[in-house]
Amino acid sequence: MTEFEPGTDLVSRLPLPSHVVVLVDGTWRRGWLIGREHEETGWTGLVQYEGADGAERTERLPANRIASPESDGPSERAS
């Protein structure tokens, strides 16, 4: 994947659930935004993604680590 541009307002605008990419351990990973919350420090998203070990992870991430997958061009589809 190439670089993505997270938008702090993106988390507040997307319908739930939405396909997103998340920055985890310095790597952008495909995942799902399944929840959100506005806190004093800004928006956080509850996301699910597959970790480097192949296990599914669910965690809260700040909005600046969540981006739209469309910024990477067309998505790959399995045939």
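Residues numbered from 1 in each chain as written. Predicted model: local features only at pLDDT ≥ 70, side-chain atom pairs only at ≥ 80, totals over all residues. Heavy atoms only, no water.

1. Observations regarding the overall build of the protein chain
Convention followed: Only DSSP runs of H or I reaching four residues or more are called helices, and only runs of E reaching two or more are called strands; each is numbered from the N terminus. Relative accessibility decides the category of a residue: with a 1.4 Å probe and only protein chains considered, values under 20% of the type maximum give buried, values over 50% give exposed, and everything between is partly exposed. Throughout, a contact is declared for two residues whenever any of their heavy atoms are within 4.5 Å. Accessibility throughout is a Shrake-Rupley quantity obtained with a 1.4 Å probe, and a residue counts as covered only by protein chains that appear here.
Looking only at helices and strands, one finds one helix and five strands in the protein chain. In sequence order, the protein chain lays out its α and β elements as α-β-β-β-β-β. Relative to its 79 residues, the protein chain shows a buried fraction of 34%. Look at the contacts in the protein chain between residues 6 or more apart in sequence, and 41% of them connect residues 24 or more apart. For the protein chain, the accessible area works out to roughly 5,300 Å², and carbon and sulfur atoms hold 45% of it.

2. Description of the layout of surface pockets
The rolling of a water-molecule-sized probe over the atoms marks out the regions of remaining empty space. Condition: Put simply, the grid is 1 Å and covers the protein atoms alone, a cavity is a trapped set of points that fit a 1.4 Å probe, a pocket is an open set with protein on both sides within 12 Å along at least five of seven lines, and lining residues have an atom within 4 Å of a point. Grid points are joined across faces, edges and corners, and a volume is the space filled by probe spheres set on the points. All amino acids are sorted into three groups, where Ala, Val, Leu, Ile, Met, Phe, Trp, Tyr, Cys and Pro are nonpolar, Asp, Glu, Lys and Arg are charged, and the leftover types, Gly among them, are polar.
Space inside the largest pocket adds up to approximately 160 Å³. Only β2 (27-39) and β3 (42-50) provide two or more residues apiece to the lining of the largest pocket. Taken together, the residues of the lining of the largest pocket sort by class into three nonpolar, two polar and four charged.

3. Some words on the pattern of salt bridges
Side chains that differ in sign of charge can pair as their charged atoms come close. The condition that has to hold: A pairing counts as a salt bridge when a side-chain nitrogen of Lys or Arg comes within 4 Å of a carboxyl oxygen of Asp or Glu.
Tallied over the full model, the rule gives three salt bridges. Among the ionic pairs, Arg13 bridges to Asp9, the shortest N-O distance being 3.3 Å. Residue class for Arg13 comes out exposed when judged on its relative accessible area of 55%. Between Arg57 and Asp53 there is a salt bridge, with the nearest N and O atoms lying 2.6 Å from each other. Since its relative accessible area comes to 34%, Arg57 is described here as partly exposed. When its relative accessible area of 54% is taken as the criterion, Asp53 is described as exposed.

4. Some points on the nonpolar core
Selection rule: Nonpolar core, defined: a set of buried Ala, Val, Leu, Ile, Met, Phe, Trp, Tyr and Cys residues in which side-chain atoms within 4.5 Å join the residues together.
Membership of the largest hydrophobic core is limited to 12 residues, which are Leu10, Val11, Leu14, Val20, Val22, Val24, Leu33, Val47, Tyr49, Leu61, Ala63 and Ile66. Among the elements of the structure, α1 (10-13), β1 (18-24) and β3 are those that each provide at least two residues to this core. The leading source of residues in this core is β1, at three residues. Setting aside chain neighbours within four positions, we find Val22 in contact with Thr27, Trp28, Arg29, Val47, Tyr49, Leu61, Arg65 and Ile66.

5. Things to note about the pairing of β1
What counts here: We call two strands paired when DSSP finds no fewer than two bridges between them.
With five of seven residues buried, β1 is to be regarded as a mostly interior element. Where β1 lies against β2, seven bridges are found, and the strand directions are antiparallel. Looking across to β2, one finds that Val24 is bridged to Thr27. Counting the residues that bridge the hairpin from β1 to β2 gives two residues, and of these Asp25 lies at a positive phi of roughly 55°. Looking at chain direction, β1 and strand β5 (residues 66-67) are connected through two bridges and run antiparallel. Bridging from a neighbouring strand, Val21 pairs with Ala67 of β5.

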